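# Per-entry structural report
Residues per chain are reported as follows:
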Amino acid sequence: MRTSRIPASLRRVAERTLSEASSRGADATAVAVKRSWQRSVEARDGNLDEIEESISNTLTIRLFHHERYGVFQTSDLRPAAISRFLERAFDVVAALEADPLRALPGPALYRGATRLDLELQDPLPPLELDELLRRVAAIEQAARGAAERVDVATVASGVSERRSCALRLHSDGFRAASEASVLHQWCSVTLRDTEERRPLDHAVDGATWRDRLEPPEAVGLRAMRRARQRLGASSLATGRMPVVVEARAAVRLVDALLDALSGPALAQRRSFLVGRLGQRVASGHLTLHDDPHVPGGLGSRRHDAEGMAAHPRTLIDHGVLTGLLLDTYHARKLGQAPSSGSVSNAVLVPGSRDLGGLLCAVGEGLLVTGFLGGNVNATTGDFSLGVVGSEVREGVVSSAVAGANLSGNLLELFGHLVEAGNDPLRTSAMRIPSLRFCDVQVSGT
Amino acid sequence: MTTGAFADGFEVGPAVMRRTLARALGSGGEWGEIYLERRESTNVSLEEGRVTRASHVVERGAGVRAVAGGRYGYASTEDLSPRALLGAAEAASRVSGPGGAGSGPPPRSRPRVFRTAPVADLSPVSEPFEAAPMARRVDLVTALDVRVRALEPRVTHVTVSLGDELSEVAIARSDGRVVEDRRPRVGLRVTCVGQDGTRREQATVGYGARVGAEALSSALVERLSARLVEQLRALFEARRPPAGEFPVVLDAGSSGILLHEAIGHGLEADFNRKGTSIFAGRMNSVIASPDVTLIDTGLIPNQHGALNVDDEGEPGAATVLVERGVLRSYLHDGISAAHYGVVPTGSARRESFRHPPFPRMRCTCLQAGPRPRDEIIRSVRRGLLASAFGNGQVQIGAGDFSFYVRLGWWIEDGRLAYPVKDVNLIGNGPRVLAAIDLVGDDLRVDDGTWTCGKAGQSVPVGMGMPTVRVPALTIGGVS
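Keep in mind that this is a model prediction, so the values were computed, not measured. (Residues numbered from 1 in each chain as written. Chains lettered and ligands numbered in written order. Predicted model: local features only at pLDDT ≥ 70, side-chain atom pairs only at ≥ 80, totals over all residues. Heavy atoms only, no water.)

Turning our attention to the overall build of chain A. Per the secondary structure count, chain A includes 10 helices and 17 strands. Against the 2.2 N^0.38 benchmark of 22 Å for 445 residues, chain A shows a C-alpha radius of gyration of 24 Å, consistent with a compact globule. C-alpha extents for chain A along the principal axes are approximately 70 × 55 × 40 Å. For chain A, buried positions account for 58% of its 445 residues. (Helix = DSSP H or I, 4+ residues; strand = E, 2+ residues; numbered from the N terminus. Rg over C-alpha atoms; globule rule 2.2 N^0.38 Å. Buried < 20%, exposed > 50% of the residue type's maximum accessible area, 1.4 Å probe, protein only.)

This is the structure:
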């Protein structure tokens, strides 16, 4: 395994910490060191506005001692400080009650990790500052070039790059090194509308390799188009109607499903999906995979947070719940096989039509392009979410909508899923396409 | 923490500070600062009646900022060696280098001598958490679990999470001012799930303040348990309210989330300077009904949003934002104050040394009015009383905001008819402010664990509000 990118000093921190924890009598210890570097620039209205740069080194210890468990993290890596920190860690766990279910995953679960190149680390060196500045300028220029006759209040654009490397060592022999890079570029456009309203919308692009970013111009153009679509917003009449939720917004709905599949939520019965394994929880149009091996995927990984080898699996198969998000602790607690406590890339199997096709099928209804606040009650599945979007008339996007809200229950909503689009997000670990629902409660005036 | 020597605990001396600031401003920067922070936090959590999980986090580092022509360069490091600090300063200085803000005017000041400015302690603590035994924390969360179960037999699961932290900061500015501050904070959340027949409901209460372990009293256990159980009982009876536009009465206390979203963010000066706020260019004009006087304050002792000194080293303060409906001030940091030619308002805040400061709210309070609460409720023929809140969000440019009501009451003919739950309320900030027509005499400052997110940074805040009536808001219910 390549550990070349981890500085030797940081590797020694991990090794020393592991051996010191053992010599202090820990039953088991998991140590991780992570180094990250990040740089971002933001420009506004033709001028550079912000440059930020950070270097971060952290040490994380998961300590198992006399059937007691704690998680400890520090950025103070001076040797004496680490010793004091470990001492404190042992004091803290000593004050807890025993929980024999806490343990490391063990070698059997570490084995079998993919040897594929997941393409998580850009082979090229980080972008130079000049190149970041060139990109933010290009984003803004493209946005302004697409303004047509609208009154632009301000345009902001940004580019960021982050590189990180990590080394994980467990007292039962697990050892894994990883490297990652991620780049983002974004644009936000504020326009002047009537009544002193200044609607804003934005566009984001992200990738693990710079060659996979969109041209910066595409980001600016998309942000301006989106902002223009926010002009002249008016309210909508209350009623039930078909609704298309655009990919970038649909992420929030799928996130709410995933929250309800997590071990802590299930164990504490704070989940509306308790006892639903093997049952229908959505219409047949919903198939959702957890795929850790997507090349260049922003959530791709060889091992999960506990060190378990990551394998692709299906969480929801044509509407039937087939998988839960169980780390080893909650799996033991619930008497089930462990999978992973979190999703890597959430891949919702796309359909065949694009957003335009989905709108066409709707005829008259609502297109949701973003959510404004609101929440989901994970225990009951009841939700009420503010929406940003547009009316759909005769199958195409019509005037912008403000002050509207979607409400209902997630089981009912996903039961009303009638089509997934062919436009999954690639710039996020949530590879979710646009979703078309029928018969959704919309509140307006 | 002031032990005499400047920035003592950080082992960074004045000579290194001077060199770091000189390097940060070396290519034309006008002013800046070094922000040193050490934060230590401990969390214990209980489920199934047992405290079986704890975490402890230490963060220590520095952020160096250089400001030129209203722009900034910012760099942070967790390594406080002179070499790392100078490296951070070099990175921050690029904001004014080639391709940056150009060669600005000569620096206003370079620190020759650092002078430590006094900082008032608004949040004195008699029993600091760092000296409190772990058993103190374990006992409190256990007592909460026991009390909640004793009060309500339908409770099946209780989870309690108690976090305490101490942030110690030292700020050295390019004008030579140095401040040091200690910022304690505690956050406690109690959640229970109850089962009644086939119906399962979840209730949550929180307590957040700048206090020490002395606050972990049996009175606190009693108060939070009673509130939690009262909430759960109402949730078992609650329905979803109707959908559409109705009058809404906002209960005293955490209803302040309405002000936070509807107006507070829009008055943060950076949004106005950049032209993205709906309140841009409206200083001294009428933006709300004459019943609205709004203050943002860091001066309430031990409050979650209390601030002895802000994150640019300006003293804690209270700011009148709206006086009888007239916009009087934005919330400023150093950059926006210079832009508008006003004095900073002590509201520059940051999440940690990893982040640059921006104008942020502290504790945002609507001043009390003349009406008794009962009278306000009686005035509504058909509408909603909003009591327990979750989260909120605003689009500062369009002014549209929403906030989530976890529990409230449906009002029929001026009386509370039945509890309602899980409903999002939507409105437009300026329109709602202009429309507030009844303001209660019962101002209450909430003691919840509110945090506010902006530009990826989260800071603790507070809110206060009397009972208020808004004639029409969109209720995200079901018809």
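That covers the picture; the talk isn't over yet.
Residue and element names in this part refer to chain B. Ordered by their spatial adjacency, 6 strands build an open sheet running 11-10-9-14-22-19, and the pairing between neighbours is mixed. The sheet is open, and its two edges are formed by strand 11 (326–327) and strand 19 (444–445), each paired on a single side. Here 2 bridges tie strand 19 to strand 22 (residues 462–465), and the two strands are oriented antiparallel to one another. By the bridge assignment, R444 is partnered in strand 22 with M465. (Pairing = 2+ DSSP bridges.)

A separate point is the nonpolar core. All names here are of chain B. The biggest cluster of nonpolar side chains holds 66 residues, and the ones touching the most others in it are L188 and Y207. The dominant element in this core, judged by the number of residues it contributes, is helix 4 (residues 218–237), at 9 residues. For Y207, the contacting residues outside a window of four places in its chain are V186, G187, L188, A215, L220, R223, L224, D447, G448 and T449. (Core = buried A, V, L, I, M, F, W, Y, C linked by side-chain atoms within 4.5 Å. Contact = heavy atoms within 4.5 Å.)

Interface size is often expressed as the accessible area that is lost when the parts come together. Residues and elements named next belong to chain B. With domains assigned, chain B is organised as domain 1 (5–40 + 56–116), domain 2 (129–237) and domain 3 (244–476). The straight-line distance from the C-alpha centre of domain 1 to that of domain 3 is 34 Å. Contacts between domain 1 and domain 3 engage 18 residues on the former and 14 residues on the latter. Across the domain 1/domain 3 interface, buried area totals approximately 1,300 Å², and carbon plus sulfur atoms make up 55% of it. (Domains from an automatic or database assignment. Buried area = accessible area lost by both parts, 1.4 Å probe.)

Next up on the list: unusual backbone geometry. Phi is positive for A:E148, close to 50 degrees, though the residue is something other than glycine. Here A:E148 is to be found in the loop between helix 4 (129–145) and strand 4 (152–170).

Further remarks concern the pattern of salt bridges. All told, the structure shown has 75 salt bridges over all chains when counted by the stated rule. When the shortest N-O distance is used, the salt bridge between A:R226 and A:E246 registers 2.7 Å. Remark: A:E246 occurs in the loop between strand 7 (239–245) and helix 6 (247–260) and A:R226 occurs in helix 5 (residues 216–228); sequence separation between them is 20 residues. The exposure class assigned to A:R226 is buried, which follows from its relative accessible area of 16%. We note a salt bridge from B:E33 to B:R65, for which the minimum N-O separation is 2.9 Å. Residue B:E33 is located in strand 1 (residues 31–47), and its partner B:R65 is located in strand 2 (residues 50–68); the two are separated by 32 residues in the primary sequence. (Salt bridge = Lys/Arg side-chain N within 4 Å of Asp/Glu carboxyl O.)

Quick look at the environment of B:P460 now. Among the structural elements, B:P460 can be located in strand 21 (residues 457–460). In the structure, B:P460 is positioned 436 residues away from B:A24 in sequence and 29 Å away in space, judged by C-alpha atoms.

A separate point is the interface of chain A and chain B. Of the residues lining the interface, 78 residues belong to chain A; the matching set on chain B comes to 79 residues. A combined buried area of about 6,500 Å² lies between chain A and chain B, and 45% of that area is made up of carbon and sulfur atoms. Broken down residue by residue, the surface that chain A buries against chain B is led by A:R198, A:Q268 and A:L372, which jointly contribute 10%. One can count 12 salt bridges joining chain A with chain B. Close ionic contact of B:E47 with A:K333 constitutes a salt bridge, the shortest N to O distance being 2.6 Å. The tally of links from chain A across to chain B stands at 50 residue pairs in polar contact (both at pLDDT 80 or more). (Polar contact = N/O pair within 3.5 Å; in protein donor to acceptor, adjacent residues only side chain to side chain.)

Turning to the packing of aromatic side chains, a few remarks are in order. Throughout the structure, instances matching the rule amount to 9 aromatic pairs over all chains. Here the aromatic rings of B:F389 and B:F403 are separated by 5.5 Å at their centres, their planes lie at 40 degrees, and the arrangement is tilted. With B:F389 in strand 15 (residues 382–394) and B:F403 in strand 16 (residues 400–412), the pair connects residues that are 14 residues apart, well separated along the chain. The pair formed by B:F389 and B:F403 is uniform in burial state, with each residue classed as buried. Ring pairs connect the aromatic residues B:F389, B:F401 and B:F403, which therefore count as one cluster. The ring of A:Y329 carries A:R102 above its face, with NZ or CZ at 3.5 Å from the centroid. One Lys or Arg, B:R350, reaches over the ring of B:Y35 and ends 3.9 Å from the middle of that ring. (Phe/Tyr/Trp six-rings, centres within 6.5 Å; stacked < 30°, edge-to-face > 60°. Lys NZ or Arg CZ within 6 Å of the ring centre and 35° of its normal.)

Next up on the list: the pairing of strand 12 (residues 365–376) of chain A. All names here are of chain A. A large share of strand 12 lies buried, amounting to 11 of its 12 residues. Strand direction decides the pairing type here: strand 7 and strand 12, joined by 3 bridges, are parallel. When the bridges of strand 12 are listed, V245 appears paired with V368. Pairing between strand 12 and strand 13 (residues 382–393): 9 bridges, direction antiparallel. Note on strand 13: the bridge partner recorded for N375 is S384. Count of turn residues in the strand 12/strand 13 antiparallel hairpin: 5 residues, of which G381 carries a positive phi of about 85 degrees.

Below, the discussion takes up the packing of helix 1 (residues 14–24) of chain B against helix 2 (residues 82–93) of chain B. To describe two helices that pack against each other, one gives the angle between their axes and the distance between the axes. Residue and element names in this part refer to chain B. The contact between helix 1 and helix 2 brings their axes to 7 Å, and the two run at 20 degrees. With respect to helix 2, the axis of helix 1 lies roughly parallel. Like other packed secondary-structure pairs, helix 1 and helix 2 cross with a definite hand, here right-handed. In this structure, helix 1 contributes V16, R19, T20, R23 and A24 to the contact, and helix 2 contributes P82, L85, L86, A89, E90 and S93. Tallied by class, residues from the contact of helix 1 with helix 2 come to 6 nonpolar, 2 polar and 3 charged. (Axes fitted to C-alpha atoms, helices over the stretch in contact; angles between N-to-C directions. Parallel < 35°, antiparallel > 145°, perpendicular 65-115°, else oblique. Left-handed = near helix turned anticlockwise from the far one by under 90°. Nonpolar A, V, L, I, M, F, W, Y, C, P; charged D, E, K, R; others polar.)

Residue and element names in this part refer to chain A. With respect to the element layout, P338 can be found in the loop between helix 8 (328–334) and strand 11 (346–348). For P338, a relative accessible area of 32% corresponds to the partly exposed category. For the pair P338 and H416, spaced 78 residues apart in the sequence, the C-alpha separation amounts to 31 Å. When neighbours within four sequence positions are excluded, P338 is seen to be in contact with L109, M308, L326, D327, T328 and A331.

So, on to the side chain of B:R137. Structurally, B:R137 is set in helix 3 (residues 134–151). Here B:R137 falls in the buried class, since its relative accessible area comes to 1%. Of the polar contacts made by the side chain of B:R137, one reaches the backbone oxygen of B:A132; its length is 3.3 Å. Leaving out residues up to four positions away in the same chain, B:R137 has contacts with A:R88, B:T42, B:V44, B:F129, B:A132, B:L162 and B:D164.

Here we come to the side chain of A:E50. Mapped onto the fold, A:E50 is located in strand 2 (residues 47–65). In terms of polar contacts, A:E50 uses its side chain to reach the side chain of B:Y72, at 2.8 Å. The contact partners of A:E50, leaving out residues within four places of it in the chain, are A:S40, A:V41, A:E42, B:Y72, B:K274 and B:F358.

So, on to the sheet that holds strand 11 of chain A. Residues and elements named next belong to chain A. Taken together, the 5 strands give an open sheet; going across it, the order is 10-9-8-11-16, and neighbouring strands pair in mixed fashion. Either end of the sheet is taken by a strand with one partner, and the two such strands are strand 10 (320–321) and strand 16 (430–431). Where strand 8 (residues 288–290) meets strand 9 (residues 313–317), 3 bridges bridge the pair, whose relative direction is antiparallel. The partner of H289 across the bridge, within strand 9, is T314.

Turning next to the packing of helix 1 (residues 8–23) of chain A against helix 2 (residues 79–94) of chain A. All names here are of chain A. Running from N to C, helix 1 and helix 2 cross one another at 40 degrees; their axes reach a closest spacing of 11 Å. The orientation of helix 1 with respect to helix 2, classified from their angle, is oblique. Judged by the sense of rotation from one axis to the other, the crossing of helix 1 with helix 2 is right-handed. Judged by residue contacts, V13, R16, T17, E20 and A21 of helix 1 engage P79, I82, S83, L86 and F90 from helix 2. For the contact of helix 1 with helix 2, the residue count by class is 6 nonpolar, 2 polar and 2 charged.

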